Amino acid sequence: MHIEKLVKDSHEMAVKKGFWEDQNRNVPEMLMLIVSELAEALEALRKEHNAPKFTVDDLYTDLQINLTDDEYVFNILSWKENFEKSVKSSFEDELADVAIRLFDLCGGLNIDLGKHIELKMFYNSTRGHKHGKKF
């Protein structure tokens, strides 16, 4: 999925869920919410809470089939229960939250994140080893 679609979908979901009722969102607050998701990722890492790859793959497959096959019987309650039991609050889940919040912010501020990432990656390719720093 292209980053432009992820930005658009993340922002649309946030709007739909009421996070943009005030059109003038507090950008510093939104940045700190991104930081809080990073802190949650750190805690999951410290607790070695990772999402089992086979469960993630199964959940993803079920979701993709549901989105593409009209005859597939999708039990959303069972899917949600499996997600909450195995994936929710894992390191990977918290990193996804970081990206979703970042994408929402970029969507709300009309920032072309994909373009900025490409520009920054090219710029970084022109820099020295570790950008001239120790780490």
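So, a few notes on the structure that sits alongside this text. (Residues numbered from 1 in each chain as written. Predicted model: local features only at pLDDT ≥ 70, side-chain atom pairs only at ≥ 80, totals over all residues. Heavy atoms only, no water.)

So, about the packing of helix α1 (residues 3–16) against helix α5 (residues 91–108). In a packed pair of helices, the relevant descriptors are the angle between the two axes and the axis-to-axis distance. At their nearest, the axes of α1 and α5 sit 7 Å apart, and the two run at 85 degrees to each other. One finds that α1 runs roughly perpendicular with respect to α5. For the pair α1 and α5, the contacting residues are Ile3, Leu6, Val7, Ser10, His11 and Ala14 in the first and Ile100, Phe103, Asp104, Cys106, Gly107 and Gly108 in the second. Grouping the amino acids of the contact of α1 with α5 by side-chain chemistry returns 7 nonpolar, 4 polar and 1 charged. (Axes fitted to C-alpha atoms, helices over the stretch in contact; angles between N-to-C directions. Helix = DSSP H or I, 4+ residues; strand = E, 2+ residues; numbered from the N terminus. Parallel < 35°, antiparallel > 145°, perpendicular 65-115°, else oblique. Contact = heavy atoms within 4.5 Å. Nonpolar A, V, L, I, M, F, W, Y, C, P; charged D, E, K, R; others polar.)

Here we take up the nonpolar core. Membership of the largest hydrophobic core is limited to 6 residues, which are Ala14, Trp20, Met30, Ile34, Val98 and Leu105. Every element with two or more residues in this core is listed here: α2 (27–46) and α5. Ignoring anything within four residues of it in the chain, the contact list for Leu105 reads Val27, Met30, Leu31 and Ile34. (Core = buried A, V, L, I, M, F, W, Y, C linked by side-chain atoms within 4.5 Å. Buried < 20%, exposed > 50% of the residue type's maximum accessible area, 1.4 Å probe, protein only.)

Looking now at the pattern of salt bridges. Inspection of every chain in the model, using the stated rule, returns 6 salt bridges. The residue Lys8 makes a salt bridge to Glu12 at a minimum N-O spacing of 2.9 Å. Within this pair, Lys8 and its partner Glu12 are both found in helix α1, separated by 4 residues, close to a single helical turn. Taking relative accessible area as the criterion, Lys8 reaches 47% and is therefore assigned partly exposed. Among the ionic pairs, Asp57 bridges to Lys53, the shortest N-O distance being 2.9 Å. Placement of the pair is Asp57 and Lys53 together in helix α3 (residues 53–68), with a separation of 4 residues, close to one helical turn. The exposure class assigned to Lys53 is exposed, which follows from its relative accessible area of 60%. (Salt bridge = Lys/Arg side-chain N within 4 Å of Asp/Glu carboxyl O.)

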